[in-house]
Every structure is written in C-alpha cells, then in structure tokens.
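Coordinates in review
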Amino acid sequence: MPLSPPPTDMDLRRAMAMLAAHGELAEVKGEVDWNRELGTVAREVLRRKGPALLFSNIKDYGLPGARCGQLATGLLAGHRRISLLLGFDDEIGNHELVQHVLRMNAERIPPVFIDDGPVHENVVLGDDIDLRELPVPQWHHLDGGRYINTFGAVITKDPDTGSVNAGVYRGMISGPDKIPMLMVPSQHWGRHWAKYVQRGEPMPVACVYGWHPVMDFLAGSPLPPDVCEYDVMGAYLGEPVPLVRGRTVDLPVPATAEIVVEGFISPDPESYEMEGPFGEFTGYVSDVPTRRPTIQVTAITHRDSPVFRGTLEGSLPGASGENSYMSSVQRAAIAWQTLKTAGVPGVRDIFVHPVNNGTTIVVQISKVNEGHAKWVASALWASGAALYRYKYVIVVDEDIDPGDYSATDWAIAYRVRPGTDDIVVFPGTFGSPIDPSTPLEERSVDDLGAGLWNRMLIDATKTWRFKPQPQWNGARFPPTVAPAAEDLAKVRERWADYHFTGWDGGR
Ligand SMILES: Cc1cc2nc3c(=O)[nH]c(=O)nc-3n(C[C@H](O)[C@H](O)[C@H](O)COP(=O)(O)O)c2cc1C
C-alpha cells in the first residue's frame, strides 16, 4: 500500500484533523488541571488503548485572552496512527512500516525558506516573556517541575559548518524565561554545544512545539550527524518543508509551527539551573536533580490560538507512550540501516517491542557463519544510535518470527547454552545515563560523558559447532514436534470430515 496521494498535512492542525477523521483523536472538553491531572489522564488513556488527545479546557488557561489554551498529545502512540501520519490509508504491518521508514530515512527533499509565516503571528519579547503562559503540565507527581520540552524539536546549528540539527531533548521550566536542559555530549546538539563552549560563546537554540508529527518522529530518532532532519521531513511528506528564520536567533523553524521558543545557552556554569528528576522513557523517575545548561529565552513566537505539543514520557507494560511506539519503528529501521552499511549479510527481519523503546532488539538472520550473531551485535554496538539503545541484542534464525515473543522465548530456551559464547557480555560501553539498573556513579554524564552500559548478546541461533547427525537427516539440531508436511496437508484437507462437536474447528 504505497503513499496515496502524497500527504499535504503540512502542519499539526491538518495532521490532527486527519487523525480525528480516522477515529484516532479525541478532544477532551471537560476541565483538566495541568498540575498532575492531565498527565494522569494521558496515562489512563494509554492504558485503555484510547486515541490521541486534544485538551481544550485546561485549568487556568481557559480565560479569554489566554496565550494558549490547548495541548495535543499521543499523536504517535500506536502503529495505526504512525501509519496514517506517514501517509498510508490504514495500519500496515510492522515489517512493512520498518521497511518504509528505512527507505524514507535515506531520501531527501531540502526545505524552502519563505519570508514569513503564521508562526510569527504573535511575537513575545523581553519582559513580556513568561513561559508559564503556556499550558505546560506537571506531567507526573515526581517530576522536578513543569516539563516544557517533552516533544519539542530543538534546533541548533554547527558553528563551523552551519549544518542544522533537530533533536528531542528534555527541558523544564525553572523561571519565566529559563529552561534547563538535559545535555548529553554525544547527542548531535551536544556536539554543537562542545564547539560553542570551546569558543566561549552562547549557543542559539529554537524549540518547536507542534508541527506535523513527522518532525517529532525524526527529531526523536538518531539520523546520522551530517543529515539535516528538515531534508528528511520533506522526503517523508513529499514536498519541501516551508521554513522561516527565528526572530532573535538565526535558526530555521517551520513557518506553520504552533509555538517556537527562541533563546541562547550560555557556556558559563554559573548560568546553569537545576533540572530533574523526570519520568523518563525507561518508565522510571530515576535520576537526581542537577544544575544543567539552561536556555535563556529571548522570544516566544506562535500562531493565533496555538496548540501546545507535549508527550507523557515513560514506558510501562500495558500503557506505553508515543516515544515507545515511534522508537519501536525507528530504532528497528535505523538498526537495519546500520547493518546494511556495515555489510552484515542475511538480515531478514528486525523487531523492537514498544515497551522497551529499542533497549532490546531482536534480529532475524539467515545464518552464513557461526560468528554471524556477533557480527550483528558488534555492528549495532559500534553505531552512534546505540547510545540509549540495543543493550540486549537477541539474534534468531529464519524459522523464528522475531515479532512473536513466544517464538523468541522458545529459541532462547532451547538454542542457547549459558556458559558458552552464546551469551556475550560487553561491559563498560557508552550507553544510557538513565537506566536505573546502572549504579548512579556509572551513569554520570558530567564525569563520564555518557552512561556506562554492560551490553549483552544472546545468540539464539542454532550453533554450527554441533556436527550434522545422520539420524537427524544431516541436521545439527533434532527435528521439532511439528507434524510432517504430508501429514499436515492430509489432515487439513480432511478437516471437515472430523465433525468436531462443540467446536467450530477454528481457523
Ligand atoms: C519524547 C522523546 C524524549 C526524548 N528525550 C531526550 C532527552 O531528554 N535527552 C536526550 O539526549 N535524548 C532524548 N530523546 C532521544 C533523542 O531525541 C534521540 O536520541 C535523537 O536521536 C536526538 O537527536 P540527534 O540524534 O540529532 O542528537 C528523546 C526522544 C523522544 C522521542
């Protein structure tokens, strides 16, 4: 089912209308408190497998003249929504979705600059700036504050090359015009930041809240550092992204973005503000408040009647959020690209379950040599995309459906021999600073630059070290209990003749 026709939903509003037309978005008209209640409603809707939400009656933000009274969330929470937003007529299967994303991540349609756009219908400067005029939730009762950057695409520029990056990085309101941010040096904006620090100059930043969700889908995914996400967004949408320049920073933002916050981050540690803790994608509120690089806001620009965009972070079994769903697709596609680039042969399918966002990845191969699984794992662990992901790599044979947990479990149960190199631990690698199973001192970004992850490969393929056995028709593993093909064919043909009583015979 190819893209038909190319989508023209080039902003958040049209994307939301399209989702609503497919029954995938509901408006919440009853009053909801931004303080803990909104986040709790969002979690309960995730648990009930409900739609994306537009909150339009947020306590303290409903008065006439309020700067912003609406918040959209959950647009990417589910594979049907992701399929629709990527231009398909309905939900497509995981394999097809991953293949589409793999293809589109490699295509480019550069953006176009236009003189001005709706994002500048309102420009707030100087003493008028107050981030609390936006309906930013206290998403979770244990969060350190109101998290404004949950699904904001943060735009920065390399001061040497001028190349532009968009990334999703968390940030909390610490004052009317201040946003301390979690700055991880190995992320692409972290590399830009290192250059500004070296120059002793503040880094210009623009945070975009609310545009077509392909922006969040791509900004929240590790495309290669030299790739500008705007080029890839254009490819996904089939037309160039229309951009305007910020009012106080020389950075490009979508002309039809809902809200943009512009500012600078000073390299002076004295300017850092306290940030954290935050209910993270791991499903834990596991880090400690720390003074972090802080955006000093120089402008808020927005459309008339803007919609603020945010997301409830955090995977929980049965109630995972949109980062989990988009990561299950993107992290599989990016792993596939990594294996292709590394020349690893025989990759047939890749599966990431939404609940772990790609911390665990299952790769199905047609095995070409006994070391094949280690080839897969070492290629994945060598890529920059492994920073927060691929802690567990499970490799299975072609007869195991990686998307079927019971099949993977069976392969681990009977094709893996603990104590052999079927299980390989690779300790002390760069990795997630927010995994609660790592001791706090080993996930200090300040001390170590990144978390230290012990990674594990589970090679659940049938080992070639076993000699082929004549009694098993020359196979290395015994036959399974699956019926002989000819017996099964005969039974299926005669199915109706068995006259099951009390059962319709199934499918
Ligand atoms: C909802 C959401 C929240 C995220 N929060 C953070 C964060 O706080 N810090 C971070 O370094 N990465 C965070 N990420 C992951 C990054 O967005 C991701 O690694 C992306 O690749 C960053 O862009 P970059 O590769 O251009 O640096 C988040 C992703 C999503 C989807």
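Residues numbered from 1 in each chain as written. Predicted model: local features only at pLDDT ≥ 70, side-chain atom pairs only at ≥ 80, totals over all residues. Heavy atoms only, no water.

**Focus: the overall build of the chain**
Test applied: Numbering of helices and strands runs from the N terminus; a helix is a DSSP stretch of H or I covering at least four residues, while a strand is a stretch of E covering at least two. Radius of gyration: C-alpha atoms only; globule rule: 2.2 Å multiplied by the number of residues to the exponent 0.38. Relative accessibility under 20% of the residue-type maximum defines a buried residue, over 50% an exposed one, and the middle range a partly exposed one, all with a 1.4 Å probe and only protein chains included. The criterion used for residue contact is that any of the two residues' heavy atoms lie within 4.5 Å. A 1.4 Å probe and the Shrake-Rupley method give the accessible areas. Residues count as covered only by the protein chains that appear here. His is not counted, nor are the chain ends, whereas Lys and Arg count as positive and Asp and Glu as negative. Every charge is mapped onto a representative atom, which is NZ of Lys, CZ of Arg, CG of Asp or CD of Glu.
A tally of helices and strands in the chain yields twelve helices and 23 strands. For 507 residues, the compact-globule estimate of 2.2 N^0.38 gives 23 Å, and the chain sits close to it at 25 Å. Burial analysis of the chain (507 residues in total) assigns 54% to the buried set. A fraction of 72% describes how many contacts in the chain between residues 6 or more apart in sequence connect residues 24 or more apart. As displayed, the chain has an accessible area near 21600 Å², and 54% of this comes from carbon and sulfur atoms. Mean positive and mean negative side-chain charge positions of the chain (47 and 64 charges, respectively) differ by 5 Å.

**Points about the site of the ligand**
Counted only if it meets this: Whether a residue is near a molecule or strand depends on its heavy atoms: it is near if one of them lies within 4 Å of it. Between N or O atoms, a polar contact is any pair within 3.5 Å; within protein, one atom must be a potential hydrogen donor and the other a potential acceptor, and residues adjacent in sequence are included only when both atoms are from side chains. Lys, Arg, Asp and Glu make up the charged group, whereas Ala, Val, Leu, Ile, Met, Phe, Trp, Tyr, Cys and Pro make up the nonpolar group; the residues left over, Gly among them, are polar.
In the vicinity of the ligand lie 24 residues, with N165, V168, Y169, R170 and H188 positioned nearest. Within the side chain of Y388, one N or O atom sits 3.3 Å away from an oxygen atom of the ligand. A total of 620 Å² of accessible area belongs to the ligand in isolation, and the protein chains cover 97% of it. Top element by residues in the shell around the ligand is strand β8 (residues 164-168). It accounts for four residues. Considered class by class, the residues forming the shell around the ligand number ten nonpolar, nine polar and five charged.

**Focus: the confidence of the model for the chain**
Which entries qualify depends on this criterion: Looking at any residue, its pLDDT shows the predictor's confidence there, from 0 to 100.
Mean pLDDT over the chain stands at 95; residues scoring 70 or higher make up 98%. Contacts for the low-pLDDT stretch residues 1-8, under 50 throughout, to residues beyond four places or in other chains number 19 contacts.

**Quick notes on the domain arrangement of the chain**
Selection criterion: Each domain span listed reflects an automatic or database assignment of domains. What counts as buried area is the accessible surface, traced by a 1.4 Å probe, that two parts surrender upon association, with contributions from both included. Here a salt bridge means any side-chain nitrogen of Lys or Arg lying within 4 Å of a carboxyl oxygen belonging to Asp or Glu.
Parsing the chain into structural domains produces domain 1 (12-309) and domain 2 (342-459). Every contact between the two is made by 18 residues of domain 1 and, on the other side, 20 residues of domain 2. For the pair domain 1 and domain 2, the two sides together bury roughly 1500 Å², of which 65% comes from carbon and sulfur. Our count for the contact surface shared by domain 1 and domain 2 stands at zero salt bridges.

**What about the packing of helix α4 (residues 94-105) against helix α7 (residues 229-237)?**
The angle between the axes and the distance between the axes are what describe a pair of packed helices. To keep things clear, this is the line we draw: Note on definitions: angles span 0 to 180 degrees between N-to-C directions of axes, and those axes are lines fitted to C-alpha atoms, for helices only across the stretch in contact. Oblique is the label for any angle not under 35 degrees, not over 145, and not in the 65 to 115 range, which are roughly parallel, roughly antiparallel and roughly perpendicular in turn.
Interhelical geometry of α4 versus α7 gives an angle of 130° and a closest axis separation of 9 Å. When the axis of α4 is compared with that of α7, the two are oblique. Between α4 and α7, the residues in contact are V101, M104 and N105 and V232, A235 and Y236, respectively.

**Re helix α1 (residues 12-21)**
Note the cut-off: This arc describes the spread of directions from the helix axis toward the C-beta atoms.
Those residues of α1 lying buried are L12, A15, M16, M18 and L19. All buried residues of α1 project into a common sector of 160° when viewed along the axis, lining one side. Contacts made by the buried residues of α1 are with β1 (25-28), β2 (52-55), β3 (70-73), α3 (79-85) and β18 (307-309). Between a side-chain oxygen at the N-terminus of α1 and the backbone nitrogen of R13 the separation is 3.3 Å; the capping residue is D11. One or two steps after α1, the chain reaches G23, where phi turns positive at roughly 70°.

**A word on the packing of aromatic side chains**
Heads up, the condition is: Classification of ring pairs uses Phe, Tyr and Trp, with its six-membered ring standing for Trp, and accepts pairs whose centres are within 6.5 Å; under 30 degrees between planes counts as stacked, over 60 as edge-to-face, and the remaining range as tilted. Placement of a positive charge over a ring is assigned whenever Lys NZ or Arg CZ falls within 6 Å of the ring centre and within 35 degrees of the normal to the ring plane.
Evaluation of the coordinates by the stated rule reveals twelve aromatic pairs. Between Y147 and F278, the aromatic rings sit 4.2 Å apart at their centres with planes inclined by 35°, giving tilted as the arrangement. Of this pair, Y147 sits in strand β6 (residues 147-149) while F278 sits in the loop between β15 (273-275) and β16 (290-292), placing them 131 residues apart in sequence. The burial state of Y147 is the same as that of F278; both residues are buried. Consider the rings of F281 and Y388, whose centres lie 6.0 Å apart with planes at 70°: the pair is edge-to-face. Placement of the pair is F281 in the loop between β15 and β16 and Y388 in the loop between α9 (372-382) and β21 (392-396), with a sequence separation of 107 residues. For the residue pair F281 and Y388, the accessibility class agrees, reading buried in each case. Grouping aromatic residues by their ring pairs yields a cluster made of W495, Y498, F500 and W503. In this structure, R146 is placed above the aromatic ring of W34, and the distance from its NZ or CZ to the ring centre is 3.6 Å. If you follow R245 out to its NZ or CZ, it ends over the ring of F113, 4.1 Å from the centre.

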